[in-house]
Amino acid sequence: MLLETQSVILDVAAPVLLMIAMGAFLRRIQLINDGFILISSRFVFQVSMPAMFFFGMLGNNLNGLISVDLAAYFIVSIVLTFLLSWLLAVKLDVPERQRGVFVQIAFRGNCGIFSVALVVNMFGQDGVALGGVMSGLSVLLFNILAEVILTRYSHGKLHLVPVLKSLLKNPLILGIVFGVVANLIGLKLPAFVVKTGSLIGGLSLPLALVCIGGSLVTSGFTLPKHFPMAILSKVALSPIVFTALAYVFGFSQKELLFLFIFLAAPTAASAYVTAVAKGDDGKSTANAIATTTLVSSVVIVVCIPVIIWATGG
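Residues numbered from 1 in each chain as written. Predicted model: local features only at pLDDT ≥ 70, side-chain atom pairs only at ≥ 80, totals over all residues. Heavy atoms only, no water.

Colleague: How would you explain the overall build of the chain if you had to name every residue and give the values?
Modeller: Helices and strands together make up the secondary structure of the chain, namely 14 helices and zero strands. Moving toward the C terminus, one meets the helices and strands of the chain in the order α-α-α-α-α-α-α-α-α-α-α-α-α-α. Counting every position in the chain, which comprises 313 residues, the buried fraction comes to 50%. Only carbon and sulfur atoms are counted for the fraction: they give 69% of the accessible area of the chain, which is about 14300 Å². (Helix = DSSP H or I, 4+ residues; strand = E, 2+ residues; numbered from the N terminus. Buried < 20%, exposed > 50% of the residue type's maximum accessible area, 1.4 Å probe, protein only. Areas by Shrake-Rupley, 256 points an atom, 1.4 Å probe, with all protein chains shown as cover.)

Structure below.
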């Protein structure tokens, strides 16, 4: 499936960016507030996005949905980004009390909402299904690796069992798993149930993007000395390098676009929650989330047409 550059900018990226801008505007004029953003974000995470993934998996042909090569390459890219970010933090002599936060900012992306919003806009139901699988893989890795790095520099004990237990309760992962199981056993649901589920799932992306925009208004952009390098690594260096290597390895245009969009996602909002829980620098994490959201949006809009051009689109 080849995509034209103009179509990508006008039909795919622009609506996402405009929804984020609308959220910022609505928060600025106080039509929505922090309470709305909190409750809506929770609704998206616990209800509407799991519904979108469930019905996306249920209604798609899962045969050949994601190749083993793509899944393996995506996992390796995340792990290498994590390790290289850790090495970078050491080489830059980032203070130990900030290293865990630095690394988390540099590798943990908002794949479940931001990236999914783009690929669904770009590929429709295929975006829901394949995006759901990649989102599930990333959520699993991000949580485990974040626990490792934050524990290392908070001088606490590494407890992966509670992390794994929380992942088993993660609504996004449950929505994906149940959807795959329902598809495999050939579950047939009444049309009105499917329609209702689709309507609930359809709330995910616009509501999530409005919340992202609204949260930017109340976030600051002041960062510690070395953190701009973590942001550069997250939204530019890692996605560009690993997408370029994937091109050399012969991945298709569609696979390259998925890889880039998921690797270039801004720092995940969950990074703030994890950092605070470990007693780390929550304010810097929140500011980095806001900054990466803005920078990532620009990088993705600029780079996607380049990928399409380079692959013959």
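Colleague: Give me the confidence of the model for the chain: which residues, what numbers.
Modeller: When pLDDT is averaged along the chain, the result is 84, and 88% of the positions lie at 70 or above. Looking at the elements of the chain, mean pLDDT is at its lowest for helix 13 (residues 270–277), recorded as 65, and at its highest for helix 3 (residues 68–91), recorded as 94. (pLDDT = per-residue confidence, 0-100.)

Colleague: Describe the nonpolar core, listing the residues and the values that go with them.
Modeller: The tendency in soluble globular proteins is for nonpolar side chains to be buried as a group. Ranked by size, the top nonpolar core spans 74 residues in total, and within it Phe53, Ile78, Phe107, Phe260, Phe262 and Ile304 carry the most contacts. At 11 residues, the largest contribution of residues to this core is made by helix 6 (residues 125–154). Apart from the residues lying within four places of it in its own chain, the contact partners of Phe107 are Ile78, Thr81, Phe82, Ser85, Phe142, Leu145, Ala146 and Lys234. Ranked by size, the runner-up nonpolar core spans five residues in total, among them Ile32, Ile37, Val210 and Cys211. (Core = buried A, V, L, I, M, F, W, Y, C linked by side-chain atoms within 4.5 Å. Contact = heavy atoms within 4.5 Å.)

Colleague: Help me get a handle on helix 4 (residues 96–107), residues and values and all.
Modeller: With 12 residues, helix 4 ought to run about 16 Å at 1.5 Å a step, and its terminal C-alpha atoms sit 18 Å apart, in line with that. In terms of burial, helix 4 is largely enclosed, as 10 of its 12 residues are buried. Those residues of helix 4 lying buried are Gln98, Arg99, Gly100, Val101, Phe102, Val103, Gln104, Ile105, Ala106 and Phe107. (Expected span 1.5 Å × (residues − 1).)

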